[in-house]
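# Coordinates in review
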Amino acid sequence: MSVVAEGLHKCYRDKSALDGFDLTVAEGRVCGLLGPNGAGKTTAVRILATLLRPDGGRAEVAGFDVTRHPAEVRRRIGLVGQHAAVDEVLSGRQNLVMFGRLYHLSSARARARADELLTQFGLADTGDKAVKQYSGGMRRRLDLAASMILAPKVLFLDEPTTGLDPRARNEVWAATRALVADGTTVLLTTQYLDEADQLADDISVIDNGQVVGNGTPDQLKTKIGGDRIDLVLHDADDLAAAAATVSRVTGADTDIDRDDRRLSAPVRNRVAALVEASRALDDAGIAVEDIVLRRPTLDEVFLTLTSAGTGHGPRETGRE
Amino acid sequence: MTSLYWAVADGWTITRRDLTHWVRQPTPIILGLLFPIMLVLMFGFLFGGAIAVPGGGDYREFLLPGMFVMTVAFGVEGTMIAVTTDAARGVTDRFRSMPMAQSAVVVGRNGADMLDSVLVLAAMIGCGLAVGWRWHGGPGATLAAVGLLLLLRFALLWVGIYLGLVVGGPETVAAVQILVWPIGFLSNVFVAPETMPAWLGTVAAWNPLSATVSATRELFGNPGWGGQSWIAQHATVMAVLWPLAIIAVFFPLSVRAFRRMSR
Ligand SMILES: Nc1ncnc2c1ncn2[C@@H]1O[C@H](COP(=O)(O)OP(=O)(O)O)[C@@H](O)[C@H]1O
Ligand SMILES: [Mg+2]
């Protein structure tokens, strides 16, 4: 295991940020820690990266205890925090050389490594410009490059694309995928479901300082109810009758979306439900415009786990 | 001893980062040099005629040691800005997550700010010489005076680091920027403490800046206020003791504030 956290607790004054946080990440895997703003993602990452001492519980990173052997942990990790932590006045290259020197590379080695990383992260042309002049995506990539100087065993990425425009987000995703291909273990936090879905092998959903769900993206989707059938009707007046018919077939409640003339219900037996529902609606004389079977989106997974699953009210999951 | 080696080497790497800032972005350091020079010209030529010099000496001879000390006090703000900027940008966190000497963040800051002070003091001395200020003591006394100025700067550096770590943020930096002025005026830089209301005069006389001002005036052989109080009679001793006392308070406070970042 590259990352193990057991029962981590952390309070800021009287406010609990982590409350029995458990997590394991196997070597070479990309774990997505998915949770809304204030869930405790940054706190967890800061404890694992030796920046913060936990009030309770224990954590190991790359085989070393984070509180007892922080120096050993620091030798084996890279951290990309929520804000690009690079010097604004220096050039990209100067930043990388400085950090390389602080990683105790020789001056020549630090310069060579800076060149390699600038090329790897697509910054070779802009390496001598001041970071002040960089775009958000370029800063992030420089930030990633700086955390890769020693080729860390474990890389922490705290909301690497928050605040970036879609193009910069794609740049950062591409850079992250390249690292993952090299076999680095990655713990990535995000509020974005598609980001976790895109990058992570395993997802842990965090809410109120606890992990409330674990698994591969597919497992998580299955865990909360499997497939769904969606129908769009021709006439909104038929919605109530159609819902009753579909419920009879599926044996479950049917959600109604009046604006889109859409019905949605969970199904157990995919094909049978599709066939029976369309036949029953046909018999009842209800015109169906569209009918599809689909897996639940991660949004639905997320809402189920964080609100229904833990008994909290529903929350906004929209982007900032 | 390798840990000591890395403490120095990593500290120097961080100091060099500031020196690179000077080259890549010279405006702040040039402004930092011009501002005290402007003050010297303003006080020396604009207000100079209106202020009576004790013993009837040359006003600018009297003014310069006080200006040196004010310059030293202005340095706090630069230290604070550097510390808060790194903390806010996450650069401090990146350093803390790296396998480097953890003291280097602070050692590097010290190195850069002390070099900056030497530069600014040199410019101020040059400016002083240009407007007619001279030192009249021997080289020993003159160097001792410069040493006292740098000692005060070193002490105030820890104040800046501490304030930067605990109260960080641009608003507090602005507050410190403004506060330096009343603290400067509430000393013997411009006015003799004896002429102030009694309690205010005592505060001004005991102001750590006053001790360094009196001591450097003496060592440079420039006119001073004199004064019969104990503190006025023991300026040189106090110019050593005050900075040491400030260091004794703010060094441990800074170390604690640095450790508290992980709480
Ligand atoms: N330095 C701090 N002081 C006080 N409260 C904090 C501090 N940092 C975080 N918190 C609180 O702890 C909780 C978890 O925060 P955080 O770990 O930053 O969440 P996330 O990264 O998931 O948005 C939040 O309620 C936040 O307000
Ligand atoms: Mg966060």
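Treat the numbers as computed from the prediction; the structure is a model and nothing was measured.

Across its full length, chain B carries 11 helices and 0 strands. Secondary structure elements of chain B occur, N-terminal to C-terminal, as α-α-α-α-α-α-α-α-α-α-α. Taking 2.2 N^0.38 as the reference for a compact globule, 263 residues should give roughly 18 Å; the C-alpha atoms of chain B span a radius of gyration of 19 Å, in line with that estimate. For chain B, the spread of C-alpha atoms along the three principal axes comes to 60 × 40 × 40 Å. A burial count over chain B gives 48% of its 263 residues as buried. The contacts in chain B between residues at least 6 apart in sequence include a share of 82% that link residues at least 24 apart. When the accessible surface of chain B is split by element, carbon and sulfur atoms take 72% of a total near 11700 Å². For chain B, the distance from the average site of its 15 positive side-chain charges to the average site of its 12 negative ones is 9 Å.

In this structure the tally under the stated criterion is 28 salt bridges over all chains. Several salt bridges converge on common partners, so that one network encompasses B:D18, B:R109, B:D113 and B:R153.

Taken together, the contact pairs 24 residues of chain B with 34 residues of chain A. Here chain B meets chain A over a buried area of about 2600 Å², counting both sides, of which 57% is carbon and sulfur. Of all residues in chain B, the largest losses of buried area upon contact with chain A belong to B:R24, B:R94 and B:P99, amounting jointly to 27% of the total for that side. Counting across the interface, chain B meets chain A through 3 salt bridges. On the surface where chain B and chain A come into contact, there are 12 residue pairs in polar contact (both at pLDDT 80 or more). Among the secondary structure elements, those contributing two or more residues to the side of chain B that touches chain A are α1 (2–24) and α4 (91–96) of chain B. With 8 residues, the single largest contributor to the side of chain B that touches chain A is α1(B). Here the residues of the side of chain B that touches chain A sort into 8 nonpolar, 8 polar and 8 charged.

Analysis parameters
Residues numbered from 1 in each chain as written. Chains lettered and ligands numbered in written order. Predicted model: local features only at pLDDT ≥ 70, side-chain atom pairs only at ≥ 80, totals over all residues. Heavy atoms only, no water. Helix = DSSP H or I, 4+ residues; strand = E, 2+ residues; numbered from the N terminus. Rg over C-alpha atoms; globule rule 2.2 N^0.38 Å. Buried < 20%, exposed > 50% of the residue type's maximum accessible area, 1.4 Å probe, protein only. Contact = heavy atoms within 4.5 Å. Areas by Shrake-Rupley, 256 points an atom, 1.4 Å probe, with all protein chains shown as cover. Lys, Arg positive; Asp, Glu negative; His and termini not counted. Charge placed at Lys NZ, Arg CZ, Asp CG, Glu CD. Salt bridge = Lys/Arg side-chain N within 4 Å of Asp/Glu carboxyl O. Buried area = accessible area lost by both parts, 1.4 Å probe. Polar contact = N/O pair within 3.5 Å; in protein donor to acceptor, adjacent residues only side chain to side chain. Nonpolar A, V, L, I, M, F, W, Y, C, P; charged D, E, K, R; others polar.

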